[in-house]
Amino acid sequence: MFPNSILGRPPFTPNHQQHNFFALSPTLYSHQQLIDAQFNFQNADLSRAVSLQHLTYGNVSPISPLFRGRKRLSDEKNLPLDGKRQRFHSPHQEPTILNHLVPLSGDRRYSMPPLFHTNYVPDIVRCVPPFREIPILEPREITLPEAKDKLSQQILELFEACQQQVSDLKKKELCRAQLQREIQLLFPQSRLFLVGSSLNGFGTRSSDGDLCLVVKDEPVNQKTEARHILTLVHKHFCTRLSGYIERPQLIRAKVPIVKFRDKVSCVEFDLNVNNIVGIRNTFLLRTYAYLENRVRPLVLVIKKWASHHDINDASRGTLSSYSLVLMVLHYLQTLPEPILPSIQKIYPESFSPAIQLHLVHQVPCNVPPYLSKNESNLGDLLLGFLKYYATEFDWNSQMISVREAKAIPRPDGIEWRNKYICVEEPFDGTNTARAVHEKQKFDMIKDQFLKSWHRLRNKKDLNSILPLRAAVLKR
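Residues numbered from 1 in each chain as written. Predicted model: local features only at pLDDT ≥ 70, side-chain atom pairs only at ≥ 80, totals over all residues. Heavy atoms only, no water.

- The protein chain goes by Poly(A) RNA polymerase GLD2 in an unreviewed UniProt entry, where it is assigned to Myotis myotis.
- The Subunit (unreviewed entry) comment attached to the protein chain in UniProt states, word for word, "Interacts with CPEB1, CPEB2, CPSF1 and PABPC1. Interacts with QKI isoform QKI7; promoting recruitment to miRNA miR-122 and miR-122 stabilization." (UniProt positions renumbered as here; feature names shortened; annotations may be inferred.)

Structure follows, in structure tokens:
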């Protein structure tokens, strides 16, 4: 498997060797190289390499029009197995090896997602540099908190029913690996990373997949260069991969993306270009997710609650899942007896924005669990979270900062003026809640915090603010 497969790795005992196994080339994509990429796209059906060498399958002739379309023609049926086009997730593809997890047992223990690896060797070595084999490391088990009251029990049961499973992650990883091979026909030195909730420890069974295509180790202009690159990728998806991918759409947003659906896994994906901060914050959040055993169940129930009340959709002017997670982490940092610290303050070198991209995945390995003196149960923490943002946090003058582990005064920059909710991105300092730009939506969010706090405080039943049966069915 490609090297960023290890990016899903949780913290474990740092008794391993470090490997520079997916260092990016410092090569910058010039205008001429983008033209070359477009030329590669136009010749993708006739070549598996930028050098335009003929593509052959075994001992058969180069690819021909009989391979086009979804049905196999009669001439193709007589080809040997290795002469036929292999589809995504074909049983004849290179095998993917995965460490198996132990299923959940009665004592509420769970293992963290496994390490992917593969014995795949690229057939066009000039397009894909060889990688060192990654050693398999045993994950550390984490014990879920005890639930001695009804509300905490409900939160734990919802978490166990809805948390992302190994099979869910494997589907996304297989699709990522296949797409990387295809995209490297256009951009041979690029890397495709699985990021976001799929890897940060806060994913659910219904979580979409987020992909970051890194074409160089420097920022790209999102309005021009990124759009041009995604245009080529979108065309490639629409033509060459139409049998595997459906509904590819090029969304020209501030950070443009290609949205599509993998027909085999039925997973929805968003693909961006060089949004490198997304790779960094994936592992920052992953470190927090496994730092304390109450964090993941609390985040999951709050995401489900926000989604149920229609305040968890940045495209509709409410809170993104990323902002919600940062709000939960901030609350846990600001308790009288904090449950979480600022790991960016404790380990500034490990979480520096300047750390090389090929080292980012190793950061969680070096951060031990945090031992908090706060013994609050999950039910009390959920109530406290709702109360904090309903009655205590000053939306008008304060900004949520996980980096500082406290609420800080709003900056005077133009990005922060006339914003209803300010949540600091821990690496680049931007406002992750900038989508909330209408007072009506802001009032709706505040109102839901207040109503849910009153209702849950009186009922002490999660069903009073989140119908559990419906939440479990949606996964």
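Having seen it, we continue.
**Regarding the packing of helix α7 (residues 295-308) against helix α10 (residues 378-392)**
So, point 1. Contact geometry of α7 with α10 gives a least axis separation of 10 Å together with a crossing angle of 50°. In terms of axis orientation, α7 runs oblique to α10. The chirality of how α7 crosses α10 is right-handed. Only Leu378, Leu381, Leu382, Phe385 and Leu386 of α10 make contact with α7, whose side of the interface consists of Pro297, Leu298, Val301, Ile302 and Trp305. (Axes fitted to C-alpha atoms, helices over the stretch in contact; angles between N-to-C directions. Helix = DSSP H or I, 4+ residues; strand = E, 2+ residues; numbered from the N terminus. Parallel < 35°, antiparallel > 145°, perpendicular 65-115°, else oblique. Left-handed = near helix turned anticlockwise from the far one by under 90°. Contact = heavy atoms within 4.5 Å.)

**Some words on the pattern of salt bridges**
So, point 1. Following the criterion strictly, the structure yields 17 salt bridges and no others.
So, point 2. Between Glu404 and Lys345 there is a salt bridge, with the nearest N and O atoms lying 3.2 Å from each other. Taken together, the residues Glu404 in the loop between β10 (398-401) and β11 (406-409) and Lys345 in helix α9 (residues 343-346) connect sequence positions 59 residues apart.
So, point 3. Linked by salt bridges that have partners in common, Glu246, Arg247, Arg261 and Glu268 make up one network. (Salt bridge = Lys/Arg side-chain N within 4 Å of Asp/Glu carboxyl O.)

**Description of the sheet that holds strand β9 (residues 268-273)**
So, point 1. Pairing is mixed in the open sheet, where 5 strands are placed in the order β5-β6-β9-β8-β7. Two strands bound the open sheet, and with one partner strand each, they are β5 (191-195) and β7 (245-251). Going from strand to strand, the sheet's axes swing by 25° on average, the running direction of each strand aside.
So, point 2. Of the strand pairs in this sheet, β5 and strand β6 (residues 209-214) are connected by 5 bridges, and their pairing is antiparallel. Residue Phe193 lies in a different strand from β6, and its bridge partner there is Cys212. (Pairing = 2+ DSSP bridges.)

**Observations concerning the confidence of the model for the protein chain**
So, point 1. Mean pLDDT over the protein chain: 78, with 70% of residues reaching 70 or higher.
So, point 2. Here residues 1-28 scores under 50 on pLDDT; set against residues more than four positions off or in separate chains, the count is 100 contacts.
So, point 3. Low pLDDT, under 50, characterises residues 45-139; the predicted model gives this stretch 184 contacts beyond four residues in sequence or across chains. (pLDDT = per-residue confidence, 0-100.)

**Here we look at unusual backbone geometry**
So, point 1. Positive phi outside glycine occurs at Cys266, with the angle close to 60°.
So, point 2. When its relative accessible area of 44% is taken as the criterion, Cys266 is described as partly exposed.
So, point 3. One non-glycine residue, Lys460, lies in positive phi territory at about 55°.
So, point 4. Relative to the helices and strands, Lys460 is located in the loop between α11 (439-459) and α12 (468-474).
So, point 5. A relative accessible area of 42% places Lys460 in the partly exposed class. (Buried < 20%, exposed > 50% of the residue type's maximum accessible area, 1.4 Å probe, protein only.)

**What to know about the packing of α10 against α11**
So, point 1. Contact pair α10 / α11: the axes reach a minimum separation of 8 Å and the direction vectors enclose 140°. Both α10 and α11 take part in a crossing whose hand is left-handed. Contact residues: Leu382, Leu383, Phe385, Leu386, Lys387, Tyr389, Ala390 and Thr391 in α10; Phe449, Leu450, Ser452, Trp453, Leu456 and Arg457 in α11.
So, point 2. Looking at the contact of α10 with α11, its residues break down into 10 nonpolar, 2 polar and 2 charged. (Nonpolar A, V, L, I, M, F, W, Y, C, P; charged D, E, K, R; others polar.)

**Regarding the packing of aromatic side chains**
So, point 1. In this structure the tally under the stated criterion is 15 aromatic pairs.
So, point 2. Taking the centre distance of 4.8 Å and the plane angle of 80° together, the rings of Tyr388 and Tyr389 count as edge-to-face. Here Tyr388 matches Tyr389 in class, with each residue buried.
So, point 3. With a centroid separation of 6.0 Å and an interplanar angle of 50°, the aromatic rings of Tyr388 and Phe393 are classed as tilted.
So, point 4. Look at Tyr388 and you get buried, because its relative accessible area is 11%.
So, point 5. Through successive ring pairs, a cluster of aromatic residues spans Trp305, Tyr331, Phe385, Tyr388, Tyr389, Phe393, Trp395, Tyr420, Phe442 and Phe449.
So, point 6. Here the basic side chain of Arg457 rests over the ring of Trp453, its NZ or CZ set 4.5 Å away from the ring centre. (Phe/Tyr/Trp six-rings, centres within 6.5 Å; stacked < 30°, edge-to-face > 60°. Lys NZ or Arg CZ within 6 Å of the ring centre and 35° of its normal.)

**Observations regarding helix α5 (residues 225-239)**
So, point 1. A rise of 1.5 Å per residue sets the reference length of α5, with its 15 residues, at 21 Å; its end C-alpha atoms lie 22 Å apart and thus fit the reference within 8%.
So, point 2. Of the residues making up α5, those classed as buried are Glu225, Ala226, Ile229, Leu230, Leu232, Val233, His234, His236 and Phe237. (Expected span 1.5 Å × (residues − 1).)

**Quick notes on the nonpolar core**
So, point 1. Counting residues in each nonpolar core, the largest one holds 78 residues, and the members touching the most others are Met327, Leu332 and Tyr389.
So, point 2. In contact with Tyr389, other than residues within four places in its own chain, are Met327, His330, Tyr331, Trp395, Ile400 and Phe449. (Core = buried A, V, L, I, M, F, W, Y, C linked by side-chain atoms within 4.5 Å.)

**So, helix α8 (residues 321-333)**
So, point 1. A rise of 1.5 Å per residue sets the reference length of α8, with its 13 residues, at 18 Å; its end C-alpha atoms lie 18 Å apart and thus fit the reference within 8%.
So, point 2. Listed as buried for α8 are Ser323, Leu324, Val325, Leu326, Met327, Val328, Leu329, His330, Tyr331, Leu332 and Gln333.
So, point 3. Tucked inside the fold, the buried residues of α8 contact α6 (276-289), α7, α10, β10, β11 and α11.

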